[in-house]
Amino acid sequence: MADRSDAEHQLWLRSFHQATPGAPRLLCLPHAGGSASFYFPVSKALSPAVDVRAVQYPGRQDRHLEAPMDSVQDLARGVFRALDERDGTPLALFGHSMGAMVGFELARLLEDAGRPPAVFFVSGRRGPSVERSEDVHQGDDARLIEEVTRLGGTDAAVLRDEEMLSMILPVLRADYRAVETYRHTPGPRLSCPFVALTGDADPRVTPEEARTWSQETDGPFELHVYPGAHFYLVAQQQAVLARIEATLRRLVSGTGAAV
């Protein structure tokens, strides 16, 4: 069983910098089309005080030979299996866009296992109770590229490279299918604090929709709105990281799941 756990850990999780022993851990979950390396700057900025780990979904970078998953719940279960339940280091979650949905289902699994996160940062996504009909994943490649371009966050040079596009389009389509077919299943509210972050000009989520995350927890809730669109966290990196670091100092205590 330990060997399987170690294998899952290596498959799903990436660590870029060393952290101080006993430092709180921040598990970062990427957006649709995103990969673990998106969070390299976060790891660089927060280490060694915070042990930053990033999730690598199937189908991208060093997992490019694997078929991408098209279910939020399946992605969450994959991450959950990779977590080391033997380590009691406090764990915080940070999920941006699709990563917020995967993180939410992961937080539910952790809560059910008696290892709730210390805090859950939800970024660039409306609460799961706010449903919206979306069908980008059913459109042709041109529509998918148009949507990704509109949201930003993907290098324009990559979108002009036919070879690169042939590699990333199946991943993007699977990710969009996962997000757009996700349906919220009512269940017990989580116990951990939620910190919602969003851009004031995000075409995918309004501040009011981001506030609906408060319906998912019995713990404290905060909403922070920054200048910017869907990838506000790139331009506002310093402010966002300062918020994360301050919150971890204030809230992370006791024990929780570890990675």
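Keep in mind that what you see is a predicted model, and the values were worked out from it rather than measured. (Residues numbered from 1 in each chain as written. Predicted model: local features only at pLDDT ≥ 70, side-chain atom pairs only at ≥ 80, totals over all residues. Heavy atoms only, no water.)

On to the pattern of salt bridges, then. Here the structure, examined in full by the defined rule, presents 11 salt bridges. Note that Asp 70 is salt-bridged to Arg 177, the shortest N-O span being 3.5 Å. Taken together, the residues Asp 70 in the loop between strand S3 (51–55) and helix H3 (72–82) and Arg 177 in helix H7 (residues 162–180) connect sequence positions 107 residues apart. By relative accessible area, Asp 70 is classed as partly exposed at 36%. Judged by its relative accessible area of 27%, Arg 177 is partly exposed. Taken together, the shared-partner salt bridges connect Arg 25, Asp 51 and Arg 53 into one network. (Salt bridge = Lys/Arg side-chain N within 4 Å of Asp/Glu carboxyl O. Helix = DSSP H or I, 4+ residues; strand = E, 2+ residues; numbered from the N terminus. Buried < 20%, exposed > 50% of the residue type's maximum accessible area, 1.4 Å probe, protein only.)

Our focus in this paragraph is the packing of aromatic side chains. Taken as a whole and assessed by the stated rule, the structure comprises 10 aromatic pairs. On the basis of an interplanar angle of 75° and a centroid distance of 6.1 Å, the ring pair of Tyr 39 and Phe 94 is categorised as edge-to-face. Within this pair, whereas Tyr 39 is found in the loop between strand S2 (25–29) and helix H2 (40–46), its partner Phe 94 is found in strand S4 (residues 91–96), the two being separated by 55 residues in sequence. Given the relative accessible area of 1%, Tyr 39 is considered buried. For Phe 94, a relative accessible area of 3% corresponds to the buried category. Seen in terms of ring centroids, Phe 194 and Trp 213 are 6.1 Å apart; in terms of plane orientation they differ by 45°. Their pairing is tilted. (Phe/Tyr/Trp six-rings, centres within 6.5 Å; stacked < 30°, edge-to-face > 60°.)

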